[in-house]
Number of protein chains: 4
Amino acid sequence: MNISLEQAEAAITAAKEKAKQMNVLMNIAIVDAGVNLVAFARMDNAWLGSIDLALRKAKTARYFNMESGEIGKLSQPGSQAWQIEHSNGGLITFPGGIPLKNNKGEIIGAIGASGSTVDNDHAVARAGADAIK
Amino acid sequence: MNISLEQAEAAITAAKEKAKQMNVLMNIAIVDAGVNLVAFARMDNAWLGSIDLALRKAKTARYFNMESGEIGKLSQPGSQAWQIEHSNGGLITFPGGIPLKNNKGEIIGAIGASGSTVDNDHAVARAGADAIK
Amino acid sequence: MNISLEQAEAAITAAKEKAKQMNVLMNIAIVDAGVNLVAFARMDNAWLGSIDLALRKAKTARYFNMESGEIGKLSQPGSQAWQIEHSNGGLITFPGGIPLKNNKGEIIGAIGASGSTVDNDHAVARAGADAIK
Amino acid sequence: MNISLEQAEAAITAAKEKAKQMNVLMNIAIVDAGVNLVAFARMDNAWLGSIDLALRKAKTARYFNMESGEIGKLSQPGSQAWQIEHSNGGLITFPGGIPLKNNKGEIIGAIGASGSTVDNDHAVARAGADAIK
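The notes below deal with the structure included here. Just so it is clear, the model here is predicted, and its values are computed rather than measured.

Structural notes on the overall build of chain A
- Helix and strand counts for chain A come out as 4 helices and 4 strands.
- Going from the N terminus to the C terminus, chain A shows its helices and strands as α-β-β-α-α-β-β-α.
- Computed over its C-alpha atoms, the radius of gyration of chain A comes to 13 Å, within 12% of the 14 Å expected for a compact globule of 133 residues.
- Across its three principal directions, the C-alpha atoms of chain A cover 40 × 35 × 20 Å.
- For chain A, the proportion of its 133 residues judged to be buried stands at 58%.
- The contacts of chain A with a sequence gap of at least 6 include a subset with a gap of at least 24, amounting to 64%.

What follows is the structure, encoded as structure tokens:
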């Protein structure tokens, strides 16, 4: 199963609404099950450096089927996935990337959000993920 | 002047509607005046290779403030911009990229469409460009 | 708002003067609000490796609208933006990159300086930033 | 012998003056004898895609100690340097890049200009080259 554009746009809409409620400016990216870009939106005046971060967080989450921040715990000095960020053209392993599941629990893609603190980024990505039916 | 997300989303919506009317599947990318991604959408089952093409067409159109296909005329063997595609990380110089102007005629970004013949790609990008107010 | 070449050249001139006073040799880069290069100067015999560092510091500062060294504090092991340097084609997150603001406080670009210790790099970039009217 | 920053800045100043006389908007890059960037200037509203073109033209001219357009003649289909543009991270082989010589005829760097037709680009680069003493 793969995410549809309609699902991806619903996730972006929900993420944008959450960002407005939180008064933050976000970049939001959605990739499909094949780690290919489906949809993207940058809110006006959001950080330009977060275009790439949002995309990489989404990819990272789907590459390993876990939240991007979980991988960052494993990539610390002395940990088992030390410097895994060097793979796949560059991973981003702090929070803000979340796998997307359909109503059967199958992973159909991933969302990445970037534009504020990692807690805020994660909250916005979570709002987007929760909008997938 | 720079394109807003609202304008970019209006352009993508118009481009998608045009693609549906034409019965083609498109990737559509919008960059701002600084050549940074603003919005993107890939229609279900559209070519995966066209994700990158749509983005590069949009960038190419803004890099030189002309339609991407115009640059392709100049880059032919013996012509004045021979092999310009090697610049800027890789240009795409066939049709489907169009500068976006506001109602004062100022360039505020660009749109790129990819997923079918270049004539179809151009028609879809044009529909998106015409939706900008 | 976007930086003009005249403003960029004034910043480079001020940065070079500061560098001469400090008896250091600098590379100085200026990017605009869209993170595109506007002006650059390398003082005679300045480090060749600092050409790229100056450019990346300027880009990093504009990507996130903060001084490059602030991002480096966030990217340490265990911190929230661990390994952010892998994004955007490679960030430089130690001091020497500073956002440039106009007299209304709007960010219009960024400056990056590299060629000595990070304290010296930062002081030279600051002198350039302060020359913007 | 290597170009000084003072010489590079004189070349950029002369190139900008020529561009203003011709009513064109240029990006101008200067590299040294080691093919490393020395100075750069983008005139307000000049093509963003020409940042990279100006730099690559300058590099191409110094890589082979000839005007960039001469190499483009050799890279045409069936010619001896067919597709040489694939080397060195991407060459630009149409006019606008010129080696810079000191008053002894020694090559000390190169200049690249981009922003208009190749004839205009070449004329602006030539004005810059002629300013070197």
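A closer look at the packing of helix α1 (residues 5–22) of chain A against helix α4 (residues 118–130) of chain A
Residue and element names in this part refer to chain A.
- Taken N-terminus to C-terminus, the directions of α1 and α4 make an angle of 140°; their axes are 7 Å apart at the nearest point. With respect to α4, the axis of α1 lies oblique. α4 is crossed by α1, and the crossing has right-handed handedness. For the pair α1 and α4, contact is made by A11, A14, A15, K18, A19 and M22 and by N120, A123, V124, A127 and G128, respectively.
- Classifying every residue of the contact of α1 with α4 gives 8 nonpolar, 2 polar and 1 charged.

Digging into the pattern of salt bridges
- Under the criterion given, the structure shown has 28 salt bridges over all chains.
- R56 of chain B is the salt-bridge partner of D52 of chain B, the closest N and O atoms lying 2.6 Å from each other. Highlighted residues: D52 of chain B and R56 of chain B, both in helix α2 (residues 49–64), separated by 4 residues, approximately one helical turn.
- Residue classification places D52 of chain B among the partly exposed residues on the basis of a relative accessible area of 37%.
- Take R56 of chain B: its relative accessible area is 25%, and that puts it in the partly exposed class.
- Note that E70 of chain C and K73 of chain C form a salt bridge whose closest N and O atoms lie 3.0 Å from each other. Here E70 of chain C and its partner K73 of chain C are both found in helix α3 (residues 68–74), 3 residues apart, which amounts to about one turn of the helix.
- Classification of E70 of chain C by relative accessible area gives partly exposed; the value is 34%.
- A relative accessible area of 55% places K73 of chain C in the exposed class.
- In this structure, a network of salt bridges that share partners links the residues E67, R126 and D130 of chain A.

Focus on the interface of chain D and chain B
- Counting residues at the interface gives 22 residues for chain D and 18 residues for chain B.
- Area buried by chain D at its contact with chain B is led by W47, L48 and F94 of chain D, which between them contribute 34% of it.
- Across the contact surface, chain D and chain B share 0 salt bridges.
- Viewed at the interface, chain B and chain D are joined by 11 residue pairs in polar contact (both at pLDDT 80 or more).
- A total of 4 residues in the side of chain D that touches chain B trace back to one element, the largest contributor, which is helix α2 (residues 50–64) of chain D.
- Tallied by class, residues from the side of chain D that touches chain B come to 9 nonpolar, 10 polar and 3 charged.

Things to note about the sheet that holds strand β3 (residues 97–101) of chain B
- Taken together, the 8 strands give an open sheet; going across it, the order is β3(A)-β4(A)-β1(A)-β2(A)-β2(B)-β1(B)-β4(B)-β3(B), and neighbouring strands pair in antiparallel fashion. The sheet is open, and its two borders are formed by β3 (97–101) of chain A together with β3 of chain B, each paired with just one other strand. The sheet shows a mean angle of 20° between the axes of neighbouring strands, direction not considered.
- Contacts between α1 of chain A and the sheet are confined to β1 (27–32), β2 (37–42) and β4 (107–114) of chain A together with β2 (37–42) of chain B, with β2 of chain A contributing the most and set at about 25° to the helix.
- Strands in contact with helix α4 (residues 118–130) of chain B are β3 and β4 (107–114) of chain B; relative to β4 of chain B, the strand with the most contacts, it is inclined by about 145°.

Remarks on the relation of the copies chain C and chain A
- When chain C is fitted to chain A, the best match, at an RMSD of 0.1 Å, comes from turning it 91° and sliding it 0.3 Å along the axis. What we have between these two chains is a four-fold relation. Among all residues of chain C, the minimum C-alpha distance to the rotation axis is found for P77 of chain C, at 4.9 Å.

Considerations on the pairing of β1 of chain A
All names here are of chain A.
- The buried fraction of β1 amounts to 6 of the 6 residues, a majority that puts the element mostly inside the structure.
- Taking every second residue as pointing to the same face, both faces of β1 are buried, with N27, A29 and V31 on one and I28, I30 and D32 on the other.
- Two strands pair when backbone bridges link them, and β1 and β2 are joined in this way by 5 bridges, in the antiparallel orientation. The partner of V31 across the bridge, within β2, is L37.
- Between the antiparallel neighbours β1 and β2 lie 4 residues, among them V35 with a positive phi of about 65°.

Considering the environment of F40 of chain B
- Structurally, F40 of chain B is set in strand β2.
- We classify F40 of chain B as buried; its relative accessible area is 3%.
- Sequence separation between F40 of chain B and A8 of chain B is 32 residues; the distance between their C-alpha atoms is 8.8 Å.
- Setting aside chain neighbours within four positions, we find F40 of chain B in contact with L37, V38, A39 and F40 of chain A together with I12, N27, I28, A29, I51 and A54 of chain B.

Reading guide: rules and limits
- Residues numbered from 1 in each chain as written.
- Chains lettered and ligands numbered in written order.
- Predicted model: local features only at pLDDT ≥ 70, side-chain atom pairs only at ≥ 80, totals over all residues.
- Heavy atoms only, no water.
- Helix = DSSP H or I, 4+ residues; strand = E, 2+ residues; numbered from the N terminus.
- Rg over C-alpha atoms; globule rule 2.2 N^0.38 Å.
- Buried < 20%, exposed > 50% of the residue type's maximum accessible area, 1.4 Å probe, protein only.
- Contact = heavy atoms within 4.5 Å.
- Axes fitted to C-alpha atoms, helices over the stretch in contact; angles between N-to-C directions.
- Parallel < 35°, antiparallel > 145°, perpendicular 65-115°, else oblique.
- Left-handed = near helix turned anticlockwise from the far one by under 90°.
- Nonpolar A, V, L, I, M, F, W, Y, C, P; charged D, E, K, R; others polar.
- Salt bridge = Lys/Arg side-chain N within 4 Å of Asp/Glu carboxyl O.
- Buried area = accessible area lost by both parts, 1.4 Å probe.
- Polar contact = N/O pair within 3.5 Å; in protein donor to acceptor, adjacent residues only side chain to side chain.
- Pairing = 2+ DSSP bridges.
- Least-squares fit on C-alpha atoms with pLDDT ≥ 70 in both.

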